[in-house]
Amino acid sequence: MKTSVSADFRLLLLAFTFLLLPFSSKAQQSRFNPDTIRTFTLDSNIVIRSHRLNVQDFIDAVLADTGFYQAFRNMKRYSFTAENYIYTYDKNNHISGKISRKIRRTTNGNQHRVEYLAKRDSGNVYRKNGKYQLYTVNMFDFIFGNAYNAGYGTGDMKAPGKDNKDQSYRSKIKKLLFSPGHRVDGIPFISNKTEIFSPDMQQFYDYQFARGKYLDTIPVYRFRVVQKSSTQPNDVVIKELTTIFDIKTFRILGRYVNLQYHNLFIDLDVQMNTELLKFNDELLPAKITYQGDWDIPLHKEEKASFLIVQKDYNK
């Protein structure tokens, strides 16, 4: 029987499960996957054998990167079309709710407008009070709904939040999503496991890098940090972190994170993939996918997936 925990504790776990993201569980493998867009192709498993590149080069680039966060901040200066598809599931992995949106965001100077070109909900989506049934969907709405309406702020990605609890949570969310590999304090059981490149954590991972193509034409490197087969299940929480680098510029174009953790309080099986595109020599969000199960005390198990596609960027 699971022990009760505080509301603050639950909110921190929720933020972490939503943002750290191969499905390892049979339940997820049998579930509908909304992502049918293939953007990365490996060059016949050709391994990079260059004296100019080594594992530490890739680690340093991942830890120093601010381009992913900047790409989401760049978004507020553009007009674009966004398609959002969200699915929720019952305990048997049957679809219980669907949310679909087609949104047109237009901007003119400091003014912006969000227009729904299509909007459809079905199934078990809302509570009687009009709020979403699942906290996962609420978190999705917080992150992307706010971005469409106001854009990401001007604050430093790594800056600490204010004393206000909401600001503190948002600071943790930013760091988990945009700066994986760094330590994120204040998350019970997990904080010491997010710093995957530290001397203590490196022993649990294998490192692989190879060449490939992104969007069929862009030469890229793929850098994978994968849990060793000899590692015990709860020695790590991030099972895989894969990063896609533009060969010419070494800018990060894609990031995939797979998270699993199981103990008395937490039951997680989550993955998230984020991909960027270059427009006017700026990086902008192109595709975000999420698949996840999570179960924490005092809440029913949540199962959800979503696909976000953003395109037709122009100023």
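Basis of the calculations
Residues numbered from 1 in each chain as written. Predicted model: local features only at pLDDT ≥ 70, side-chain atom pairs only at ≥ 80, totals over all residues. Heavy atoms only, no water. Buried < 20%, exposed > 50% of the residue type's maximum accessible area, 1.4 Å probe, protein only. Helix = DSSP H or I, 4+ residues; strand = E, 2+ residues; numbered from the N terminus. Arc of directions from axis to C-beta. Contact = heavy atoms within 4.5 Å. Polar contact = N/O pair within 3.5 Å; in protein donor to acceptor, adjacent residues only side chain to side chain. pLDDT = per-residue confidence, 0-100. Core = buried A, V, L, I, M, F, W, Y, C linked by side-chain atoms within 4.5 Å. Phe/Tyr/Trp six-rings, centres within 6.5 Å; stacked < 30°, edge-to-face > 60°. Lys NZ or Arg CZ within 6 Å of the ring centre and 35° of its normal.

Student: An account of helix α3 (residues 55-64) is requested, with residue identities and associated values reported.
Tutor: Residues spaced three or four apart along an α-helix face the same direction, because each turn holds 3.6 residues. Where α3 is concerned, the buried positions are Phe58, Ile59, Ala61 and Val62. An end-on view of α3 places all buried positions within 165° of arc, on one side of the element. Packed against the buried residues of α3 are α7 (199-202), β5 (205-214), β6 (218-227), β7 (238-246) and β8 (252-262). Looking at where α3 begins, the residue whose side-chain oxygen comes 3.0 Å from the main-chain nitrogen of Gln56 is Asn54.

Student: Explain unusual backbone geometry to me, and be specific about the residues and the numbers.
Tutor: Here the phi dihedral of Asp216 falls at roughly 70°; this positive angle occurs in a residue that is not glycine. Checked against the element boundaries, Asp216 lands in the loop between β5 and β6. Taking the relative accessible area as the measure of exposure, Asp216 reaches 65% and is therefore exposed.

Student: How would you explain the side chain of Gln271 if you had to name every residue and give the values?
Tutor: When you line up the elements, Gln271 lands in strand β9 (residues 267-279). The buried category is assigned to Gln271, whose relative accessible area is 10%. Among the polar contacts made by the side chain of Gln271, one reaches the side chain of Tyr256 at a distance of 3.2 Å.

Student: Which residues make up the confidence of the model for the protein, and what values do they have?
Tutor: Close inspection of predicted coordinates is inappropriate for parts of the model with low pLDDT. Chain-level pLDDT for the protein is 78 on average; 73% of the residues reach the 70-or-more range. Scored below 50 in pLDDT, residues 156-163 makes 17 contacts in the model with residues more than four places away or belonging to other chains.

Student: Explain the environment of Tyr116 to me, and be specific about the residues and the numbers.
Tutor: Along the chain, Tyr116 falls in strand β4 (residues 111-123). If sequence neighbours within four positions are ignored, Tyr116 has contacts with Arg101, Lys102 and Ile103.

Student: Break down the nonpolar core for me, with residues and values.
Tutor: One finds Phe144, Phe197, Tyr205, Phe223, Leu241, Phe245 and Phe306 to be the most contacted residues of the largest nonpolar core, which totals 65 residues. Looking at this core element by element, the count peaks at six residues for helix α5 (residues 135-150). In this structure, Leu241 is in contact with Val62, Pro180, Ile196, Phe197, Phe223, Arg224, Val225, Arg255, Tyr256 and Val257, ignoring residues within four places of it in sequence.

Student: An account of the packing of aromatic side chains is requested, with residue identities and associated values reported.
Tutor: Scanning the model with the defined rule gives 13 aromatic pairs in all. Ring centres 5.3 Å apart and planes at 65° place the aromatic pair Phe58 and Phe245 in the edge-to-face group. Of the two residues, Phe58 is situated in helix α3 and Phe245 in strand β7; the sequence distance between them amounts to 187 residues. Exposure class is identical for Phe58 and Phe245. Each is buried. Joined through ring pairs, the aromatic side chains of Phe58, Tyr207, Phe209, Tyr221, Phe223, Phe245 and Phe250 make up one cluster. Just above the ring of Tyr116 sits the side chain of Lys119; from NZ or CZ to the centre is 4.8 Å. The cationic tip of Arg255 hangs over the ring face of Phe68; the distance from NZ or CZ to the ring centre is 4.4 Å.

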